[in-house]
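Examination of the molecular architecture
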Amino acid sequence: MATTYNGKILRINLTDRSVKVEDLPLEKAKKFIGGRGLGTKILYDEGIAKVDPLSPENKLVYATGAMTGANVPTGGRYMVVTKSPLTGMIACSNSGGVWGARLKYAGWDAIIVEGKADKPVRIHIEDDKVEILPAEDLWGKSSEEVTDTLVQIYPAASVLNIGPAGETGSLLASIINDKDRAAGRSGVGAVMGSKNLKAISVVATRTIVPAYDTDKLRDATRAAQAKIKENGVTGSGLPTYGTAVLVNIVNNIGAYPTHNWQSSYDAEADQTSGETLKEKYLVRQGFCHRCPIGCGRVINLDGRIVGGPEYEVVWAYGSNCGVHDMNAIDEANHLCNELGLDAISTPCTIAAAMELYQKGYISEEECEGVPLVWGSNEAIFEWTKRMGRGETALGRLMAQGSFRLCSHYGHPEISMSVKKQEMPAYDARGIQGIGITYATSNRGGCHVRGYMISPEVLGLPEPLDRLSTEGKATWTMVFQDLTAIIDSMGMCLFTSFALGAPEYAAILNAGTGTDYDVKQLLLVGERIYNLERLFNKEAGMKPEDDCLPRRLTDEPIADGPSKGEVSKIAITLPQYYEVRGWKDAFPTEETLKRLDLV
Amino acid sequence: MIEVRLFATFRDGREKILYLDGNDYLHAADVLKYLGIGNGDVAILLINGRHSKPEKDVHDGDIIALFPPVGGG
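Residues numbered from 1 in each chain as written. Chains lettered and ligands numbered in written order. Predicted model: local features only at pLDDT ≥ 70, side-chain atom pairs only at ≥ 80, totals over all residues.

A look at the overall build of chain B
A count of helices and strands for chain B gives one helix and five strands. Mapped in sequence order, the helices and strands of chain B form the string β-β-α-β-β-β. Its C-alpha atoms give chain B a radius of gyration of 11 Å, within 12% of the compact-globule value 11 Å for 73 residues. Burial status across chain B gives 37% buried among its 73 residues. (Helix = DSSP H or I, 4+ residues; strand = E, 2+ residues; numbered from the N terminus. Rg over C-alpha atoms; globule rule 2.2 N^0.38 Å. Buried ≥ 20, exposed ≤ 12 C-beta atoms within 10 Å, placed from the backbone.)

What follows is the structure in structure tokens.
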């Protein structure tokens, strides 16, 4: 019986240059859906939790979701799952564009890359033909150069690559696909670079995958499309303004961190808002594969037509670095894509460096001609370049992320990170639930592992008081589990503004032949979240790693509409463990049995 | 004065910021009526940074921020 799974995994060992085709174990796939869940299961079973992340023993799983490539809204995403060199824990970095769908159409559910090539190589896949080819000529090249070169050779190819940051071992290195989409977080690009793997190009003959029940999938897709179109956020707000429309909302509640979280309100934030981006720079919307929303921004950057910044990047290079020049933020975002850098962690590390400089811990001499002053366009450009290319002693240190940078100067408290990964653009002092997401995210500081901003700020699916702790533990758990499902299906998290678990269950069942009701589906999400936690436990995570930076618990917000607020994580974290069935940050035996993880 | 901040599509055909005499408006809904914005069209209504409903009282010195359905991540 056909399903949206191909039933095939490609295992490529770069040490001995072997290529093996393995059957996808269908029962395992259904139990963990695909993508994020399946990738984690593969790595967990193969003992990757205990390896050195930058050694040949680490593995990279490029996993498509169960519905990637299917006729479903936003069904085109893939995930890079590996052990993170930044956090030392599970990494799962998710990206759109078209590369994931192409991989599925070429006939593969996932690629497992292991070992290490003795010199730079690239992989080219054309349906079932797989080649490992020399790539010394591409080493050192930017994403645009790599993509343009490979598309000249293979005009129908979609290209995934690392930039110079991945080659030079920056722990903030991303993997870029289709020039401006990124599997951005947790240093997945450094793992690819450590294997001397520069790029993977894919050419596929097919343009659709079959489904278990085509009629039911068509009906489920139609129903989902209608909800996405009717919903104010997915049908109108995101298409018109992109994600940066959040700038003014989050700033106006006083939870918009500025100057490395020393304040949380910026009177000039509108200069770098989604509204300003639309008014002055937008050329057209950007769409990922089969996306009906089109939140992407294609912008005019000094005459060049390039991918524009997301909300997080606007914030991180903008107010968090004291910058109010939209054009400068666009340029810095473009630099991150070209160099292959995480466009959240990179500017957050620059912001931490600016605070170290402000307080006199970083000297003028160390800045080598580019002072780390707040609001400096030159500083955000030059330090991004230095971090991406591994230039100057301080640039190389900053390329290891804010935690290692600030620890080097004896002030780890200045790093606004969780599990050594930088937190994004929402101050958890003024939004209590997102603090639980940050503290308990299995991949470290991150908003898209349980987007509590949706109920606490946007009022979706129902409004919650952002300053209250009541019920937040349960809400966070449900959001985390639902997100694990959406990621594993290969769909975009933004669909969840309009869709709920019943719609995802209908789509997944029609595509793969599962028979999940809502409760059973959420149990699968819970299983995935708990498996990630088990991976982290084996990797050496300690209960105290579930925490927030001291600034959020001990330093009240200095000004603005949320003045005086602190995070109440000390109250909510025990509540969260209780609803999760965890003790001391890890699942109990009873929980593992309930989730069939023993 | 009441400061009213408008965002996203609410700016179409209007100023970004308006200042209104607090004596002329009892509730936020009265401000919406003046602006020609339906209560149902407002997804987020902030008064001094706190999520509020149209029936909430407004006073001189308040800052009202109005958003249609928008979001991101």
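Next comes the rest of the description.
Topic: the interface of chain B and chain A
One widely used convention gives an interface's size as the accessible area the parts lose upon coming together. The interface of chain B with chain A comprises 18 residues on the first partner and 29 residues on the second. Sorting the residues of the side of chain B that touches chain A by element identifies strand 3 (44-47) and strand 5 (63-67) of chain B as the ones contributing at least two each. Grouping the amino acids of the side of chain B that touches chain A by side-chain chemistry returns 10 nonpolar, six polar and two charged. (Contact = placed C-beta atoms within 7 Å. Nonpolar A, V, L, I, M, F, W, Y, C, P; charged D, E, K, R; others polar.)

So, helix 12 (residues 326-339) of chain A
When the terminal C-alpha atoms of helix 12 of chain A are compared, their 20 Å separation across 14 residues agrees well with the 20 Å that a helix rising 1.5 Å per residue should span. In the segment just after helix 12 of chain A, A:G340 is the residue with positive phi, at about 75°. (Expected span 1.5 Å × (residues − 1).)

Describing the nonpolar core
Among the nonpolar cores identified, the biggest contains 212 residues, and A:V250, A:A353, A:Y504, A:I507 and B:I64 are the most heavily contacted of them. By residue number, the principal contributor to this core is helix 19 (residues 472-489) of chain A, which donates nine residues. Residues in contact with A:Y504, not counting those within four places in the same chain, are A:I485, A:I486, A:M489, A:L499 and A:L521. (Core = buried A, V, L, I, M, F, W, Y, C linked by C-beta atoms within 7 Å.)

Brief notes about the domain arrangement of chain A
Residue and element names in this part refer to chain A. What the domain assignment lists for chain A is domain 1 (8-203), domain 2 (248-414) and domain 3 (428-497 + 515-594). The interface of domain 1 with domain 2 comprises 32 residues on the first partner and 25 residues on the second. Secondary-structure elements contributing two or more residues to the side of domain 1 that touches domain 2 are helix 4 (143-153), helix 5 (164-167) and strand 11 (181-183). Of all the elements, helix 5 adds the most residues to the side of domain 1 that touches domain 2, at three residues. Each residue belonging to the side of domain 1 that touches domain 2 can be placed in one class, and the counts come to 13 nonpolar, 14 polar and five charged. (Domains from an automatic or database assignment.)

Some thoughts on the packing of helix 12 of chain A against helix 14 (residues 377-389) of chain A
Residues and elements named next belong to chain A. Relative to each other, helix 12 and helix 14 sit at 5°, their axes nearing to 10 Å. The orientation of helix 12 relative to helix 14 falls into the category roughly parallel. Taking contact as the criterion, the partners of A328, E331, A332, L335, C336 and L339 in helix 12 are, on helix 14, N377, I380, F381, T384, K385, G388 and R389. The residue makeup of the contact of helix 12 with helix 14, split by class, is seven nonpolar, three polar and three charged. (Axes fitted to C-alpha atoms, helices over the stretch in contact; angles between N-to-C directions. Parallel < 35°, antiparallel > 145°, perpendicular 65-115°, else oblique.)

Observations concerning unusual backbone geometry
All names here are of chain A. In this chain, L460 is followed by P461 through a cis amide linkage whose omega measures 0°. In this fold, P461 is placed in the loop between helix 18 (453-458) and helix 19. Unlike most non-glycine residues, W261 shows phi in positive territory, near 70°. Inspection of the secondary structure puts W261 in the loop between helix 9 (246-252) and helix 10 (274-280). Overall, the presence of 24 C-beta atoms within 10 Å leaves W261 in the buried class. For R290, which is not glycine, the phi torsion reads 55° and is therefore positive. Relative to the elements of secondary structure, R290 occurs in the loop between strand 13 (282-286) and strand 14 (296-301).

Describing the sheet that holds strand 10 (residues 175-177) of chain A
All names here are of chain A. In space, the six strands of this open sheet follow the order 8-7-12-9-10-11, with mixed pairing throughout. Each edge of the open sheet is held by one strand with a lone partner, namely strand 8 (129-134) and strand 11. Across this sheet, the average inter-strand angle for adjacent strands is 20°, counted without regard to direction. Looking at chain direction, strand 9 (residues 158-161) and strand 12 (residues 197-203) are connected through four bridges and run antiparallel. (Pairing = 2+ DSSP bridges.)

What to know about the environment of B:V70
By the element assignment, B:V70 lies in the segment after strand 5. A count of 26 C-beta atoms within 10 Å places B:V70 in the buried class. When the C-alpha positions of B:V70 and B:A8 are compared, they lie 8.1 Å apart, and in sequence the two are 62 residues distant. Excluding residues within four positions of it along the chain, B:V70 makes contact with A:V233, A:G237, A:Y241, A:V245, B:A8 and B:A43.

Points about the pairing of strand 12 of chain A
Residue and element names in this part refer to chain A. Burial runs high along strand 12: six of the seven residues are buried. Of the pairings in the sheet, the one linking strand 7 (residues 121-126) to strand 12 comprises six bridges and is parallel in character. For E126, the partnering residue across the bridge sits in strand 12 and is V203.

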